[in-house]
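Overview (structure and organization)
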Amino acid sequence: MAGDAKKLQPIIIKRVRKGQHGSHAGAWKIAYADFVTAMMAFFLLMWLLGSTTEGDKKGIADYFSSPLKIALLSSGSGAGDASHVVKGGGQDLTRTTGQVKRGEIEAPRDTVNLRVLKAEQMRAEAARLESLRRRVEEKINANERLAALRSQILLDMTAEGLRIQIVDAEGRPMFASGSAQMLPEMSELLRELGGVLATVPNRLTLEGHTDALPFPGGERGYSNWELSADRANASRRELLAGSLPDEHVLRIQGLAASVPFVATDPSASANRRISILVMNREAEERALRSGMPSLPEPGPLLPAAIDPSPATPAR
């Protein structure tokens, strides 16, 4: 019986299923990825520390030691240089050593000697005015009618610029006697000059002059002062008719007989003249700054072709 009981005892077979722990087979990959990420962060941190200046490092250290104080004192942008992607870093990302921020070193400066620069500008302007003088002479000589007036046209360089003076000669006046009515030859001359003067940016001063012969009752009525101003203004209109821009005329002056061309003879016909001053920059700035015109220099000695003898009252 005992033997039969052993035979009837059930046989239990345990089978081990493979792949029971398959869900943990890729755990090493996650750990490796975390390790690689940590190493990348470490190297990135080392690179940032290498490219950060000492001043920014000190700012970061101060921030972590007392963040509230730094937040109150700063403008809110935090430590470092907010104008760069890498705070406190430079601009060259290929550099392996630390870079210095702009402003921490003194940048080279280009120094300009203002006195030398001003002298060069004055030389260039003097050369331009000298070229203008030659063009005026060429324009006059190219016209037969104007060439006949060449002895009455005086060109000279002054401290204020190029001065063009058109003076009366005995028997060859520019205006009708005692009026601002311009004669045809004078009108043609001024129109030709207007075209030439329009080629330079310099501004002009127009001055009218008369001789010392007074008008009857001129002390209270129409006098040489009004006459000289009217003649200067009439000259301005003819220059504009010759294509001179209106903004090129800075001022118009009627000086009567206060600045005679022939000082020894106030009634000489050469004292009746129109003066066109092409001002240089210094003279223009001085005129605009002061608001008061400076008296022109006395004219040069008369050429032999101009008769300085007193004229009849044909102002």
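Residues numbered from 1 in each chain as written. Predicted model: local features only at pLDDT ≥ 70, side-chain atom pairs only at ≥ 80, totals over all residues. Heavy atoms only, no water.

Here we look at a nonpolar patch on the surface
There is a patch of nonpolar side chains on the surface, built from W28, Y32, F35, M39, F42, F43, L45, M46 and L49 and spanning about 970 Å² of accessible area. Since its relative accessible area comes to 38%, M46 is described here as partly exposed. (Patch = residues over 30% accessible without salt bridge, like charges linked within 9 Å, V, L, I, M, F, W, Y side chains within 5 Å. Areas by Shrake-Rupley, 256 points an atom, 1.4 Å probe, with all protein chains shown as cover. Salt bridge = Lys/Arg side-chain N within 4 Å of Asp/Glu carboxyl O. Buried < 20%, exposed > 50% of the residue type's maximum accessible area, 1.4 Å probe, protein only.)

Side note on the packing of helix α5 (residues 114-142) against helix α7 (residues 184-197)
Packing of α5 against α7 brings their axes to within 10 Å, and their N-to-C directions diverge by 145 degrees. As α5 packs across α7, the resulting crossing turns out to be right-handed. Here L132, R135, V136, K139 and I140 of α5 come into contact with α7, specifically with L189, E192, L193, V196 and L197. When its residues are assigned to classes, the contact of α5 with α7 shows 7 nonpolar, no polar and 3 charged. (Axes fitted to C-alpha atoms, helices over the stretch in contact; angles between N-to-C directions. Helix = DSSP H or I, 4+ residues; strand = E, 2+ residues; numbered from the N terminus. Left-handed = near helix turned anticlockwise from the far one by under 90°. Contact = heavy atoms within 4.5 Å. Nonpolar A, V, L, I, M, F, W, Y, C, P; charged D, E, K, R; others polar.)

Topic: the nonpolar core
Counting 30 residues, the largest nonpolar core has L132, V136, I164, L190, L193, L197 and I276 as the members making the most contacts within it. Of all the secondary structure elements, the ones that give two or more residues to this core are α5, β1 (153-158), β2 (161-167), α7, β3 (204-209), α8 (224-241) and β5 (273-279). Here this core takes 6 residues from α7, the largest share from any one element. Not counting the four nearest positions on each side in its chain, I276 is found in contact with L162, R163, I164, L190, L193, L197, L204, T205, L206 and L239. Counting 6 residues, the second-largest nonpolar core is a separate cluster that includes L154, V262, A268 and A270. (Core = buried A, V, L, I, M, F, W, Y, C linked by side-chain atoms within 4.5 Å.)

What to know about the sheet that holds β1
Through backbone hydrogen bonds, the strands of a sheet pair up, either in parallel or in antiparallel fashion. Taken together, 5 strands build an open sheet; the order of strands is β1-β2-β5-β3-β4 and the sheet is mixed. Each edge of the open sheet is held by one strand with a lone partner, namely β1 and β4 (249-254). Ignoring strand direction, the axes of neighbouring strands in this sheet form an average angle of 15 degrees. With 5 bridges connecting them, β3 and β4 associate as parallel partners. Across the sheet, residue L204 finds its bridge partner in β4, namely V249. With respect to the sheet, α8 is in contact with β3, β4 and β5, its orientation differing from that of β4 by roughly 150 degrees. (Pairing = 2+ DSSP bridges.)

Regarding helix α9 (residues 281-290)
If you check which residues of α9 are buried, you get A283, E284 and A287. The buried residues of α9 occupy an angular sector of 100 degrees when the element is viewed end-on, so they sit on one face. In α9, those exposed residues whose orientation departs by more than 90 degrees from the buried face are R281 and R289. Buried residues belonging to α9 abut β4 and β5. (Arc of directions from axis to C-beta.)

Topic: the environment of A176
Looking at where A176 falls in the secondary structure, it is placed in the loop between β2 and α7. Aside from chain neighbours lying at most four places away, what touches A176 is Q181, L183 and R231.

Comments concerning the confidence of the model for the chain
With 70% of its residues at a pLDDT of 70 or more, the chain shows a mean pLDDT of 78. Per-element confidence in the chain ranges from a low mean pLDDT of 58 for helix α1 (residues 2-8) to a high of 96 for β3. pLDDT under 50 marks residues 75-89. Its contacts with residues more than four places away, or in other chains, come to 27 contacts. A low-confidence stretch, residues 301-314 stays under pLDDT 50, and its non-local contacts, those more than four residues away or across chains, total 32 contacts. (pLDDT = per-residue confidence, 0-100.)

Remarks on the pattern of salt bridges
Any two side chains of opposite charge can pair if their charged atoms end up close together. The final tally for this structure, using the stated rule, is 14 salt bridges. Here R191 makes a salt bridge to E238, at a shortest N to O gap of 2.8 Å. Here E238 lies in helix α8 and R191 lies in helix α7, a separation of 47 residues in the sequence. Taken together, the salt bridges that share partners define one network made up of E130, R133, E137 and R150.

Observations concerning the pairing of β1
The element β1 is extensively covered by neighbouring structure, given that 5 of its 6 residues are classed as buried. In the sheet, β1 pairs with β2 via 6 bridges, with the strands oriented antiparallel. Residue pairing for β2: T158 is matched across the bridge by G161. The antiparallel pairing of β1 with β2 creates a hairpin that spans 2 residues between the two strands.

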